[in-house]
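Survey of secondary and tertiary structure
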Amino acid sequence: MDSRVITITSGKGGVGKTTTTANLGTALAMQGKKVVVVDSDIGLRNLDAVLGLENRIVYDLVDVVEGQCRLRQALIKDKRLPELYLLPAAQTRDKNAINSVQMVQLCQQLRQEFEFVLIDSPAGIEQGFRNAIVGADEIIIVTNPEMASVRDADRIIGLVEAAGKPEPRLILNRLRPDMVRRGDMMDVADVLEVLGIDLLGIVPEDELIIVATNKGEPVVYDKRSRAGQAFMNAALRILGEEIPLEELMEAPTLMERLRRLVGFGPAVIGKRTRSWPS
Amino acid sequence: MSMLDFMASRKRPRPGELAKERLKVVLVQDRVKVNPELLEQIKADLLRVISERLEVDEQHVEITMTREDRWDKLQAAVPIKRQKITFEWDPPYYGPSAEGLQGPLQVEVEREEPSS
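What you are looking at is a predicted structure, and each value in this text was computed from that prediction instead of being measured. (Residues numbered from 1 in each chain as written. Chains lettered and ligands numbered in written order. Predicted model: local features only at pLDDT ≥ 70, side-chain atom pairs only at ≥ 80, totals over all residues.)

A word on the confidence of the model for chain A
- This prediction gives chain A a mean pLDDT of 90; 88% of its residues lie at or above 70.
- Of the regions scoring below 50 in pLDDT, residues 265-278 of chain A engages in 21 contacts with residues more than four places distant in sequence or in other chains. (pLDDT = per-residue confidence, 0-100. Contact = placed C-beta atoms within 7 Å.)

Below is the structure:
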């Protein structure tokens, strides 16, 4: 089978790797693809909970690698989508429980069964991260528009390049259009200028993500959710469809326009004149 | 420039803008191991070489690391003081016609002062 192994990583923790993996995997399966999502965050498994599959786990990734069970036994079928499977992480082991060679072999095995293998990477740049990318054809980096996360993303881009992988693509997660409009948050162009890689998707901050996670249902199912729509669009772009990037800037509110008119409030965003020392 | 634009341009950088500028600086430092001392050394080396040919305004030389796309760049702005550039060399010997050119040659080039 002609399959693609895609690793979702970030460097910094808490930026939305697991949410992104769960939603891209679900979205690809909704498009009729045969998908497995792999939780490679050994010792800190969460992908199972985001997908609502936490009480179905019998065997895990480490069991497969160590030969304690067959791959088929460890794969958990999704509740709704017949073409979506989860390979959970071990919870009682640590990240050194498997090595790069075993991970490459596992990816080879998964390629035979699935069109898409999505690997949720652990945070950090140590062995767990290296295992997560070693078997990947493509890398997706998740970052938030704030300094620490973008800085770590840049470090990861360097490590991905050094590992001989193709240039990663970016998902800019948890963007707050209201803050960007006020000039209080870096906008999409700022982050792209700094990181210099291609954009796969822009996902706005959305309370419905927490609601969805609480229910154990990825937010892509929720048609009202802008984040869900954004994840679906990113998945379609993975499939090669040309979907224009989300226009997240709403028109400024009346109050904001009034404030600008009288000269208070932030400078006009867009073409910037820069009079201060850089 | 309209009045509103003028007022906007006078404003201090917004936090989002500030974050980007701070990131650019910190990423260059993360990626290339360049510290201020090394930059000073590079500056001194450059000045030494350039001063052999041109008279440099040493007070206004600027050496900076910047970043464009994924490339880190060393940028040097070296203002030149004098209008006249003098240099000297031994011309190569090309045969009988160049006989008159043997020995050191003094060349003077008139250089226009930049308009700014």
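Concerning the UniProt feature "binding site: ATP" (unreviewed entry) in chain A
All names here are of chain A.
- Per the UniProt record, "binding site: ATP" (unreviewed entry) is found at Lys12, Gly13, Gly14, Val15, Gly16, Lys17, Thr18 and Thr19.
- Along the chain, Gly13 falls in the loop between β1 (4-9) and α1 (17-30).
- Those residues in contact with Gly16, other than ones at most four positions away along the chain, are Val142, Asn173 and Arg174. (UniProt positions renumbered as here; feature names shortened; annotations may be inferred. Helix = DSSP H or I, 4+ residues; strand = E, 2+ residues; numbered from the N terminus.)

Digging into the nonpolar core
Residue and element names in this part refer to chain A.
- Counting residues in each nonpolar core, the largest one holds 80 residues, and the members touching the most others are Val35, Val36, Leu61, Val117, Leu118 and Phe231.
- The greatest single-element share of this core, amounting to seven residues, is contributed by helix α11 (residues 226-238).
- Setting aside residues no more than four positions away along its own chain, Val35 makes contact with Gly25, Leu28, Ala29, Glu83, Leu84, Phe114, Glu115, Phe116 and Leu118. (Core = buried A, V, L, I, M, F, W, Y, C linked by C-beta atoms within 7 Å. Buried ≥ 20, exposed ≤ 12 C-beta atoms within 10 Å, placed from the backbone.)

Quick notes on the sheet that holds strand β2 (residues 35-39) of chain A
Residues and elements named next belong to chain A.
- The strand order across the open sheet formed by eight strands is β3-β4-β2-β5-β1-β6-β7-β8, and the pairing between neighbours is mixed. Strands with a single pairing partner mark the edges of an open sheet, and in this sheet they are β3 (76-77) and β8 (198-204).
- Examined bridge by bridge, β2 and strand β4 (residues 84-87) share four bridges and lie parallel to one another. Within β4, the residue paired with Val36 across the bridge is Tyr85.
- Across the face of the sheet, helix α5 (residues 100-111) comes into contact with β1, β2 and β5 (116-120) while running at roughly 145° to β5.
- Set on the sheet, helix α7 (residues 147-162) makes contact with β1 and β6 (138-143); between it and β6 the angle comes to about 165°. (Pairing = 2+ DSSP bridges. Axes fitted to C-alpha atoms, helices over the stretch in contact; angles between N-to-C directions.)

Some words on the environment of Glu205(A)
Residues and elements named next belong to chain A.
- Within the element layout of this structure, Glu205 appears in the loop between β8 and α10 (207-215).
- Residue classification places Glu205 among the partly exposed positions, given that 18 C-beta atoms sit within 10 Å.
- Residues Glu205 and Ala227, 22 residues apart in the sequence, show an inter-C-alpha distance of 6.9 Å.
- Contacts of Glu205, omitting those with residues within four sequence positions, involve Arg174, Leu175 and Arg176.

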